[in-house]
Amino acid sequence: MPKCLMAAVAITALTACNSLHSNPTGQAQVTTQATNPIVTNIFTADPAPIVHDGRVYLYVGHDEAGNGEMFRMTEWRVYSTDDMKTWTDHGPVMKPTDFKWAVGDAWASEPIEKDGKFWLYTAVEHDETDHGKAIGVAVSDSPFGPFTDALGEPLVANSDTDGPHTWDDIDPTVFKDTDGTFWLYWGNANLYYAPLKPDMIGFAAPIQKVALTHFEEGPWLFRRGDIYYMAYAGIDEAENENEQIYYSTAPTVTGPWTYRGKIMGPGENSFTIHPGIVEFKSNWYFFYHNAALSIDGVEGAMGRRSVRAEHLYFNEDGSIRPITATQGGLTRQN
């Protein structure tokens, strides 16, 4: 594994009465700074940023793997900022077992707002009635949660798709197109997609598949100008056995997709890497994770990752400039 960045930032605990924003969990809030990683008191992974009412809300999974464990993730958490410098911890917003049909695994999620409600699309482990990973959908009146199961069953179960293994239905990314239609992409090995119904808890058309160069998992769909972008974790075994972040572009939300290259190389100490991209106050930001953080002598690992952020820049033709992981993070200007 390459040895790159060891990040450490000061963390200051604040009481809820000192915060401008409520904390529905009742926990003490924590403020972190703009250097990497963003959060240093716990391990976090699978960043999913959204913008709402002048703030960025960053949803993450809480990595809790012990020695000998690949992954153990029991909750999703949310952080927010209004300046990309100071982040406030609002605590957990949901557990996988809040879906009564799920048994665990708070894998990657992504939220989106519609008509004052916040919809969280998540990857979890289904119970033995349909063994494998599944996509759930939860809803809340607040970006802070709590989120509750909006459907009472999975939006996508393992038996709904024809993937090569039981974990192909993971890593949902949700996107609102210019005509008001919401779209969901997701997958591991296979990349699936379908338009959502107006109620956000069903599909308006059959599930389809699309092939992208080097695609492995972790899609993130966004639009800039007239170009649709799909960033994703992929593997090019001729170059590296670990995941890297690649992207493709298209003239419409469904393609055709053209491979454009690499955004970021492999994460330190981590087989996985996961993109999250957002525009905020006319600037673009790229979120990801690696496993370079150690906490109280516990080293980072595949199941003990840390979320980070960098500035994202575009060339005049719309292509994305390659990004290098840094300790300075958002304090740096290219």
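Small disclaimer: the values here were computed from a predicted structure and weren't measured. (Residues numbered from 1 in each chain as written. Predicted model: local features only at pLDDT ≥ 70, side-chain atom pairs only at ≥ 80, totals over all residues. Heavy atoms only, no water.)

### Section: the overall build of the protein
No. 1: What the protein contains, in helices and strands, is zero helices and 22 strands.
No. 2: Burial status across the protein gives 57% buried among its 334 residues.
No. 3: Restricting to contacts in the protein with at least 6 residues of sequence separation, those with at least 24 account for 51%.
No. 4: Accessible surface, the protein as shown: approximately 13600 Å² in total, 49% of it carbon and sulfur. (Helix = DSSP H or I, 4+ residues; strand = E, 2+ residues; numbered from the N terminus. Buried < 20%, exposed > 50% of the residue type's maximum accessible area, 1.4 Å probe, protein only. Contact = heavy atoms within 4.5 Å. Areas by Shrake-Rupley, 256 points an atom, 1.4 Å probe, with all protein chains shown as cover.)

### Here we look at the pairing of strand β17 (residues 227-234)
No. 1: For β17, a buried count of seven out of eight residues is recorded, marking the element as mostly surrounded by other parts of the structure.
No. 2: With seven bridges connecting them, strand β16 (residues 215-224) and β17 associate as antiparallel partners. Looking at β17, one finds that glutamate 217 is bridged to alanine 233.
No. 3: Linking β16 to β17, which pair antiparallel, is a turn of two residues; within it glycine 225 sits at a positive phi near 65 degrees.
No. 4: By the bridge criterion, seven bridges tie β17 to strand β18 (residues 244-250) in an arrangement that is antiparallel. Following the sheet pairing, glycine 234 is matched in β18 by glutamine 244. (Pairing = 2+ DSSP bridges.)

### Some remarks on unusual backbone geometry
Trans is the prevailing form of peptide bonds, just as negative phi is the prevailing case for residues other than glycine.
No. 1: The linkage connecting asparagine 36 with the following residue, proline 37, adopts the cis geometry, with an omega of -5 degrees.
No. 2: By the element assignment, proline 37 lies in the loop between β2 (29-32) and β3 (43-52).
No. 3: Here the amide bond leading from glycine 255 into proline 256 is cis, since omega sits at 0 degrees, within 30 degrees of zero.
No. 4: The backbone of aspartate 46 sits at a positive phi, close to 55 degrees, despite the residue not being glycine.
No. 5: Checked against the element boundaries, aspartate 46 lands in strand β3.

### Here we look at the sheet that holds β18
No. 1: If you walk across this open sheet you meet the four strands as β16-β17-β18-β19, and the pairing is antiparallel. Each edge of the sheet is formed by a strand with only one pairing partner; in this case those strands are β16 and β19 (258-264). For this sheet, the mean inter-axis angle between neighbouring strands, taken without regard to orientation, is 25 degrees.
No. 2: Pairing of β18 with β19 involves five bridges; the strand directions are antiparallel. Residue pairing across strands places serine 248 opposite tyrosine 259, the latter belonging to β19. (Axes fitted to C-alpha atoms, helices over the stretch in contact; angles between N-to-C directions.)

### Some words on the sheet that holds strand β14 (residues 191-195)
No. 1: Spatial strand order, β12-β13-β14-β15: four strands in an open sheet with antiparallel pairing. The open sheet has two edge strands, β12 (173-176) and β15 (208-210), and neither has a second partner. Adjacent strand axes in the sheet meet at a mean angle of 30 degrees, parallel and antiparallel pairs treated alike.
No. 2: Where β12 meets strand β13 (residues 182-186), four bridges bridge the pair, whose relative direction is antiparallel. Looking at the pairing, phenylalanine 175 lines up with tryptophan 183 of β13.

### Here's the deal with the pairing of β18
In regular strands, side chains alternate between the two faces of the sheet.
No. 1: For β18, the tally of buried residues reaches seven of seven residues, placing the bulk of the element in the interior.
No. 2: Because side chains alternate across β18, one face comprises the buried residues Gln244, Tyr246, Ser248 and Ala250, and the other comprises Ile245, Tyr247 and Thr249, equally buried.

### Notes on the pattern of salt bridges
No. 1: Scanning the entire structure with this criterion turns up twelve salt bridges.
No. 2: A salt bridge links aspartate 63 to arginine 305; the nearest nitrogen and oxygen atoms lie 2.7 Å apart. With aspartate 63 in strand β4 (residues 55-63) and arginine 305 in the loop between β21 (283-290) and β22 (306-312), the pair connects residues that are 242 residues apart, well separated along the chain.
No. 3: Exposure remark for aspartate 63: the relative accessible area of 1% places this residue in the buried category.
No. 4: Lysine 133 is the partner of glutamate 125 in a salt bridge, and the nearest nitrogen-oxygen pair spans 2.5 Å. Accessibility assignment for this pair places glutamate 125 and lysine 133 in one class, buried.
No. 5: Look at the salt bridges and you will find they share partners, linking Glu75, Arg77 and Asp89 into a network. (Salt bridge = Lys/Arg side-chain N within 4 Å of Asp/Glu carboxyl O.)

### With respect to the nonpolar core
No. 1: Counting residues in each nonpolar core, the largest one holds 59 residues, and the members touching the most others are Tyr59, Tyr121, Leu184, Leu196 and Phe286.
No. 2: A per-element tally of this core places strand β9 (residues 117-126) first, with six residues.
No. 3: Leaving out residues up to four positions away in the same chain, phenylalanine 286 has contacts with Ile245, Ile263, Met264, Pro275, Gly276, Ile277, Arg308, Ala309, Glu310, Leu312 and Ile323.
No. 4: Listed in part, the 17 residues of the second largest apolar core include Ala34, Val39, Trp87 and Leu330. (Core = buried A, V, L, I, M, F, W, Y, C linked by side-chain atoms within 4.5 Å.)

### Looking at the environment of isoleucine 245
No. 1: One can find isoleucine 245 in strand β18.
No. 2: For isoleucine 245, a relative accessible area of 0% gives the class buried.
No. 3: When the C-alpha atoms of isoleucine 245 and glycine 218 are compared, they prove to be 9.1 Å apart, with 27 residues separating the residues in sequence.
No. 4: Filtering out sequence-adjacent residues up to four positions away, isoleucine 245 remains in contact with Tyr232, Ala233, Lys262, Ile263, Met264, Ile273, His274, Pro275 and Phe286.

### Considerations on the packing of aromatic side chains
No. 1: Within this structure, the stated rule accounts for 20 aromatic pairs.
No. 2: Centroid distance phenylalanine 286 to tyrosine 288: 5.7 Å. Interplanar angle 25 degrees. Geometry classified as stacked. Tyrosine 288 matches phenylalanine 286 in its accessibility class, with the two residues each being buried.
No. 3: The rings of Phe222, Tyr229, Tyr247, Trp284 and Phe314 are connected pair by pair, giving a single aromatic cluster.
No. 4: The side chain of lysine 133 reaches across the aromatic face of tryptophan 107, ending 4.2 Å from its centre.
No. 5: Over the ring of phenylalanine 314 we find arginine 224; its NZ or CZ atom is 4.0 Å from the centre of that ring. (Phe/Tyr/Trp six-rings, centres within 6.5 Å; stacked < 30°, edge-to-face > 60°. Lys NZ or Arg CZ within 6 Å of the ring centre and 35° of its normal.)

Function-wise, these values are silent; they only describe arrangement.
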